[in-house]
Structures are given as C-alpha cells and as structure tokens.
Amino acid sequence: MAKHSKPCVLLTGFTPFDGEAVNPSWLAAQALDGQTIEGHVVHAKELPCEFNHSLNTLYKTIDKYAPTVVICLGQAGGRSDISLERVAININDARIPDNKGFQPIDTPVIAGGDDAYFATLPIKAMLQKLHQAHIPASVSNTAGTYVCNHVMYGLLHYIKSHELNCRGGFVHIPFSPLQAVNHSGAASMSLASVIEAIKVMITCAVTEQHDIKLSAGTTH
Ligand code: PCA
C-alpha cells in the first residue's frame, strides 16, 4: 500500500448518468486534482455510476492514498444548492438502472451492515464556512437510495470496519448551467462556484477536528 508522506484528501466525482453528457461532480473534482490545500494534496478519482463497481474503485483508491479526509461528490439535478449529506442508509432502491443496466430494488448496500451511518465530516462547520463565503448550501438528510447513497454508505462502512484514521462524507451538487439549459426551471450552479465550495469544504475538514452546533434542520 503506497502511503504518501504528505497528508492527502481524496475527492471523488461520478461519470455522467441518466442521459447527461457530463457530470459536474467529476468536472469539479478533476479541476482540483494535484492541488495542495492547507498542506494536504488533493487526489481526484472518477467513480463509475454503477452499484458495486463504484465501491470497489473507491476502496482501491483509499488503499492507494490513505487519505485523512474523503469527500465524495455527486450530482443531484434539481437541488438548488450544495447539499452536505448527513446520513447514508443501508438500502439500494434504484429509480433508474445504473450505467451497466443494473437496477437493485430494496437490497442492502452491505448485507448485515448497520442500518445507517452519519457523515464523519464536520458538516455544520462546513455549512457555516460556505455561507460565510456566500455559497448557497444546506444540510441534507437524505442522499437518496441510488448510487450516491450506496457510495456514501460503503465509504463510511469501510472507514469504520477497517478502523481507518480518516473522516468521510458525501456532497451533492446541482446541475451545471450547461445541463440546466435542457431542464427548464431547474436550478444550477457554475462550475467555478462548485470548485470554490469544494476548496472551502476541504479547508474546513482538514482544519476543524470538531463540528459546531448550528441549527440546520429541515422538514425534508
Ligand atoms: N448522482 C447520482 C449517482 C451519480 C451522481 O452523480 C445519485 O445521486 O445517486
């Protein structure tokens, strides 16, 4: 296992899915690959929008880099802001088939695993920093039941079961403007803003060991 002397952060994004030409989660992650933020090298990795294969790719990449922070990114077309996911649940219930045509319905992500895991990133502190940077953001209490929730659950399960010295979580981002022109009425966020948001989140995650108390509850 190649361990790097400098501490590092792993950032993942997904391949396009559901007929889209791009996935802004990967475009944003890719843009930060190789940069150093607060002394942490950022490694970006593209995950396939596929059940199981996405997780195998993620696990291999974690083993390769031994990151201290993992932030997985995904697109949530229709959402209006940066969504800091609080929780991943142990269920796959695919609305549409994945990129390999696989459509699991009501199966566990990890058989016998806990019902749910909470993100171990300081999501409230990240929320505050995003707002201070004038970037629209909120805490989300559902990452859905598709590949993104699958990856978030698998990530947190891997960290816990392997007792890794690593914190992890998942962030959903809106459509990019180039996608939103084909989705009348849908919100979008420029890639530049998403990239800025990721820098703010990484800075916060590597400098704040403890989260803050900040009201961010919602009814959804
Ligand atoms: N979003 C999907 C999977 C890949 C992505 O970018 C989701 O929210 O599950």
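Please refer to the structure higher up on the page.
Summary of the structure given here.

What counts and what doesn't
All chains use their own residue numbering, which begins from 1 and follows the written sequence. With pLDDT at 70 or above as the cut-off, local features in this predicted model cover only qualifying residues; side-chain atom pairs require 80 or more to be listed or tallied, and sums for whole chains, interfaces and linings still use all residues. Calculation of side-chain values draws on the structure's entire complement of heavy atoms; hydrogens and water are dropped beforehand. Secondary structure is summarised from DSSP: a helix means a run of H or I of at least four residues, a strand means a run of E of at least two, and numbering begins at the N terminus for each. Any two residues whose heavy atoms approach within 4.5 Å are treated as being in contact. Under the convention used throughout, the expected extent of a helix is 1.5 Å for every residue step, that is, one less than its residue count. Burial classes follow relative accessibility: with a 1.4 Å probe on protein chains only, a residue under 20% of its type's maximum area counts as buried, one over 50% as exposed, and anything between as partly exposed. Two rings from Phe, Tyr or Trp (for Trp, the six-membered ring) form a pair when their centres are within 6.5 Å of each other. A pair whose planes differ by under 30 degrees is stacked, one over 60 is edge-to-face, and the rest are tilted. Any two strands between which DSSP finds at least two bridges are classified as paired. Axes here mean lines fitted to C-alpha atoms, for a helix over just the part in contact, with angles spanning 0 to 180 degrees between N-to-C directions. Each angle gets one of four labels, with under 35 degrees taken as roughly parallel, over 145 as roughly antiparallel, 65 to 115 as roughly perpendicular, and the rest as oblique. What makes a crossing left-handed is the near helix being turned counterclockwise from the far one by less than a right angle; a clockwise turn instead makes it right-handed. Basically, the charged four are Asp, Glu, Lys and Arg, the nonpolar ten are Ala, Val, Leu, Ile, Met, Phe, Trp, Tyr, Cys and Pro, and anything else, Gly included, counts as polar.

Some words on the side chain of Ser25
Looking at where Ser25 falls in the secondary structure, it is placed in helix H1 (residues 24-32). When sequence neighbours within four positions are dropped, the list of residues in contact with Ser25 reads Gly13, Phe14, Leu73, Gly74, Gln75 and Ile173.

Examining helix H2 (residues 53-65)
Look at H2: 19 Å from first C-alpha to last across 13 residues, which is about the 18 Å you get at 1.5 Å a residue. Within H2, burial applies to Ser54, Leu55, Thr57, Leu58, Tyr59, Thr61, Ile62 and Tyr65. Buried residues belonging to H2 abut strand E1 (8-14), strand E3 (40-47), strand E4 (69-75) and helix H4 (147-161).

Describing the packing of aromatic side chains
For any pair of aromatic rings, geometry is given as the distance between the ring centres together with the angle between the planes. Under the definition given, this model contains six aromatic pairs. A centroid spacing of 6.1 Å and a plane angle of 90° characterise the contact between Phe51 and Phe102, whose relative ring orientation is edge-to-face. Highlighted residues: Phe51 in the loop between E3 and H2 and Phe102 in the loop between strand E7 (92-93) and strand E8 (105-107), separated in sequence by 51 residues. Taking the relative accessible area as the measure of exposure, Phe51 reaches 4% and is therefore buried. Relative to Tyr158, the ring of Tyr59 lies with its centre 4.2 Å away and its plane at 10°, an arrangement referred to as stacked. Taken together, the residues Tyr59 in helix H2 and Tyr158 in helix H4 connect sequence positions 99 residues apart. Neither residue differs from the other here; Tyr59 and Tyr158 are each classed as buried. Put simply, the rings of Phe17, Phe51, Phe102 and Tyr146 pair up and form one aromatic cluster.

What to know about the sheet that holds strand E11 (residues 167-173)
If you trace the seven strands from one edge of the open sheet to the other, you get E2-E3-E1-E4-E11-E5-E10, paired in mixed fashion. Of all the strands in the sheet, the pair left with one neighbour each is strand E2 (36-37) and strand E10 (137-140). Note that E2 and E3 share two bridges and pair antiparallel. When the sheet's bridge partners are listed, Ile37 is paired in E3 with His40. Here H4 sits on the sheet in contact with E1, E3, E4, strand E5 (82-85) and E11, set at roughly 170° to E11.

Quick word on the packing of H1 against helix H6 (residues 191-207)
Following both chains from N to C, one finds H1 and H6 inclined at 60°, their axes separated by 9 Å at the closest point. Considering their axes alone, H1 and H6 lie oblique with respect to each other. H6 is crossed by H1, and the crossing has right-handed handedness. Contacts between H1 and H6 involve Pro24, Leu27, Ala28, Ala31 and Leu32 from the first element and Leu191, Val194, Ile195, Ile198 and Lys199 from the second. Looking at the contact of H1 with H6, its residues break down into nine nonpolar, no polar and one charged.

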